[in-house]
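Coordinates in review
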Amino acid sequence: GNSVTQMEGPVTLSEEAFLTINCTYTATGYPSLFWYVQYPGEGLQLLLKATKADDKGSNKGFEATYRKETTSFHLEKGSVQVSDSAVYFCALSQYYGQNFVFGPGTRLSVLP
Amino acid sequence: DAGVIQSPRHEVTEMGQEVTLRCKPISGHNSLFWYRQTMMRGLELLIYFNNNVPIDDSGMPEDRFSAKMPNASFSTLKIQPSEPRDSAVYFCASSSNVDYEQYFGPGTRLTVT
């Protein structure tokens, strides 16, 4: 079946550091890929997405590129802020949204 | 749109009691998902509906859990009887057949003592 693997956290960075959170997936065909973010005490929010190979999703300074050859969708940000502290979930969707799979989440803490 | 609405936001109950969680999806969305989140197990899909019909309930932990979607604008998740191990945050999410992105509600924090 489909699955998503993320780097284990927690990840702790200083403000303005470069961020990478690795995500790889297993799926047949061509899934859509997503990054969701969960701030403390809130539900998950869509951060960015990519629907086909080589697409780049971007939002709020975060980027991720759909790499079919490596089945990856790594999340990056050039300069993190304290307000980016949250849990980040990689996810995939296939078959018209019926097969939506979330990764385990990676907790990010950014220190001032 | 107000987004996905869940109630109550917090629920504290005693073991053995019945608990009902409620969800109103975004208008026009035709898929609805119930998730449970704990520190130990992370985010787990319990059940999802498409056009009010349950499609996959393989994540429902046991017969104590049941979910209904009587119409396109309302769903319930019921636990009867509740147990302390059911303590978790329960999320409802909805999506449309246009972009399949899931939109999450704020969650219901359930504590069973």
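Overview of the structure.

Let us now look at the packing of aromatic side chains. As enumerated under the stated definition, the model contains 15 aromatic pairs over all chains in all. Ring geometry for Y36(A) and F104(B): centres 5.9 Å apart, planes at 70°, overall edge-to-face. With Y36(A) in strand β5 (residues 32-38) and F104(B) in strand β10 (residues 103-104), this pair bridges two chains. As far as the burial class goes, Y36(A) and F104(B) line up, both buried. Seen from their ring centres, F33(B) and Y35(B) are 6.4 Å apart, and the 20° between their planes marks the pair as stacked. Assessed through its relative accessible area of 1%, F33(B) is described here as buried. Assessed through its relative accessible area of 2%, Y35(B) is described here as buried. Three or more aromatic residues joined by ring pairs form one cluster here, namely F34(A), Y36(A), F89(A), F100(A), F102(A), F33(B), Y35(B), Y48(B), F91(B) and F104(B). The ring of Y30(A) carries K68(A) above its face, with NZ or CZ at 4.3 Å from the centroid.

Further remarks concern the sheet that holds strand β8 (residues 74-79) of chain B. Residue and element names in this part refer to chain B. Reading across from one edge, β1-β3-β8-β7 is the order of the 4 strands in this open sheet, with antiparallel pairing throughout. Only two strands of the sheet have a single neighbouring strand rather than two, namely β1 (5-7) and β7 (65-71). Here the strands of the sheet are splayed against their neighbours by 15° on average, with no regard to which way each runs.

Quick notes on the rules
- Residues numbered from 1 in each chain as written.
- Chains lettered and ligands numbered in written order.
- Predicted model: local features only at pLDDT ≥ 70, side-chain atom pairs only at ≥ 80, totals over all residues.
- Heavy atoms only, no water.
- Phe/Tyr/Trp six-rings, centres within 6.5 Å; stacked < 30°, edge-to-face > 60°.
- Helix = DSSP H or I, 4+ residues; strand = E, 2+ residues; numbered from the N terminus.
- Buried < 20%, exposed > 50% of the residue type's maximum accessible area, 1.4 Å probe, protein only.
- Lys NZ or Arg CZ within 6 Å of the ring centre and 35° of its normal.
- Pairing = 2+ DSSP bridges.
- Axes fitted to C-alpha atoms, helices over the stretch in contact; angles between N-to-C directions.

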